[in-house]
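Single-letter residue listing:
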Amino acid sequence: MSKTPQGSRVHTIVPFKWPILASCVTLTAVVIMVFLGFWQLDRMEQKQHRLDSIAQKYATAPMHPLDVAAQWQDIRDVPVSFRGQVQTGMMILLDNQITNGKTGYDVLVPVVTQGRAILVNMGWMAAPATRDELPSLSLPTGEIQIDGVITQPGLNPLIKETQQQFDRFPLLVQQIDIPLLNQQWATALPDMVIERLSSQPGLEQLVTNWQPVVMPPQKHLGYAIQWFGLAIAAVVIFIIVLIRRSK
């Protein structure tokens with residue numbers, strides 16, 4: 001009968017167990033990061049397509065906004081120029097708009113041109129010192145020449161409209177919902193907002209801050225590379241830890 005010499009060590013072979021939980025967590029993280037990388041690439045492509053479309057539309061002469069739909073399927077970013085009568089008694093203040101780090105309001109008002117009202121964003125103005133006070137603004141009462149560009153407001157499902165009364169002006173709203181305004185006012189505003197770039201007479205109290213593309217395509221590409229890099233790093237770290245455990 002053999003005996004183990006005194007002082008010697010007995011080496012026990014422990015069977016390797018695959019880290020199921022760590023594998024699942026790593027796989028889930030890698031899948032999410034790869035998905036976010038491809039999502040950023042898709043956003044980059046959309047932004048580049050938008051910029052190409054803007055360049056094509058700006059190569060044409062400004063149109064009357066009511067004539068745009070006959071020429072362009074996508075009416076966004078089409079430059080327009082027209083004369084109209086400002087409906088000063090129906091001013092809308094779009095809340096929580098930030099310009100140069102300051103909170104304020106976008107001032108919108110219907111402008112009647114060729115017998116039809118179109119909603120125009122005249123520009124931004126800073127909010128008063130207290131939330132209970134609305135800004136005071138005088139808009140031109142006569143005919144006005146407006147040069148601008150067409151936008152189409154989208155509804156944010158995370159923003160809840162708090163306005164209940166639509167017959168008191170200035171009307172303070174959280175987002176521009178044209179179908180809701182048409183329903184409340186019994187009007188037929190087209191599904192567009194004209195972003196004023198300049199006008200005659202000018203409106204010195206208001207700041208025009210229209211930006212069609214806030215984040216350039218190159219930034220989306222940078223974010224995509226970061227997400228793919230993080231996914232690769234997660235896989236490498238998992239493999240290194242796995243090799244060390246197996247030893």
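Just above sits the structure.
What counts and what doesn't
- Residues numbered from 1 in each chain as written.
- Predicted model: local features only at pLDDT ≥ 70, side-chain atom pairs only at ≥ 80, totals over all residues.
- Heavy atoms only, no water.
- 1 Å grid on protein atoms, 1.4 Å probe; cavity = no way out; pocket = protein on both sides within 12 Å on 5 of 7 lines; lining within 4 Å.
- Points joined across faces, edges and corners; volume = space filled by probe spheres on them.
- Helix = DSSP H or I, 4+ residues; strand = E, 2+ residues; numbered from the N terminus.
- Nonpolar A, V, L, I, M, F, W, Y, C, P; charged D, E, K, R; others polar.
- Pairing = 2+ DSSP bridges.
- Buried < 20%, exposed > 50% of the residue type's maximum accessible area, 1.4 Å probe, protein only.
- Contact = heavy atoms within 4.5 Å.
- Polar contact = N/O pair within 3.5 Å; in protein donor to acceptor, adjacent residues only side chain to side chain.

Let us now look at the layout of surface pockets. For the largest pocket, the calculated volume is near 860 Å³. As for the largest pocket, its lining consists of 30 residues, of which Leu94, Gln97, Asp106, Thr151 and Glu195 are closest to the centre. Of all elements in the fold, only strand E2 (92-99), strand E3 (102-113), strand E5 (143-151) and strand E7 (193-200) reach the threshold of two or more residues within the lining of the largest pocket. No other element matches E2, which puts 6 residues into the lining of the largest pocket. Residues of the lining of the largest pocket, tallied by class, amount to 12 nonpolar, 12 polar and 6 charged.

Below, the discussion takes up the pairing of E2. Pairing analysis gives 6 bridges linking E2 to E3, with the strands arranged antiparallel. Bridging across to E3, Thr99 finds its partner in Lys102. Hairpin connection from E2 to E3: 2 residues lie between these consecutive antiparallel strands, with Asn100 at a positive phi of about 55°. Bridging between E2 and strand E6 (residues 171-173) involves 3 bridges; their strand directions are parallel. The residue bridging Leu94 from the neighbouring strand is Val173, located in E6.

For the rest of this paragraph, the subject is empty space enclosed by the protein. Under the counting rule described, the total for this entry stands at 2 cavities of 30 Å³ or more. Quantified by volume, the largest cavity comes out at close to 50 Å³. Considering the residues around the largest cavity, the lining is formed by Ile92, Glu161, Phe166, Val173, Gln175, Ile176, Asp177, Leu180 and Leu181. Of the residues in the lining of the largest cavity, the class split is 6 nonpolar, 1 polar and 2 charged. Every residue along the wall of the second largest cavity is listed here: Asn121, Gly123, Glu195, Arg196, Val207, Thr208, Asn209 and Trp210. Looking at the lining of the second largest cavity, the elements that each hand over two or more residues are strand E4 (116-126) and E7. Of the residues that constitute the lining of the second largest cavity, the class distribution is 2 nonpolar, 4 polar and 2 charged.

The next point concerns the pairing of E4. Burial runs high along E4: 8 of the 11 residues are buried. Two strands pair when backbone bridges link them, and E3 and E4 are joined in this way by 10 bridges, in the antiparallel orientation. Opposite Asp106, over in E4, you have Trp124 as the bridge partner. Count of turn residues in the E3/E4 antiparallel hairpin: 2 residues, of which Gln114 carries a positive phi of about 50°. Here E4 runs beside E7; their pairing, made up of 3 bridges, is parallel. Among the inter-strand pairings, Val120 is bridged to a residue of E7, identified as Ile194.

The next subject is the environment of Trp185. Within the element layout of this structure, Trp185 appears in helix H2 (residues 178-185). Given a relative accessible area of 14%, Trp185 falls into the buried group. Through-space distance from the C-alpha of Trp185 to that of Phe166 is 7.6 Å; in sequence the pair is 19 residues apart. When residues no more than four places from it in sequence are discounted, the contact partners of Trp185 are Met90, Ile92, Pro110, Phe166, Phe169 and Leu171. Within the structure, Trp185 has its side chain in polar contact with the backbone oxygen of Phe166 (distance 2.9 Å).

Without other data, these values stay purely geometric and don't point to any function.
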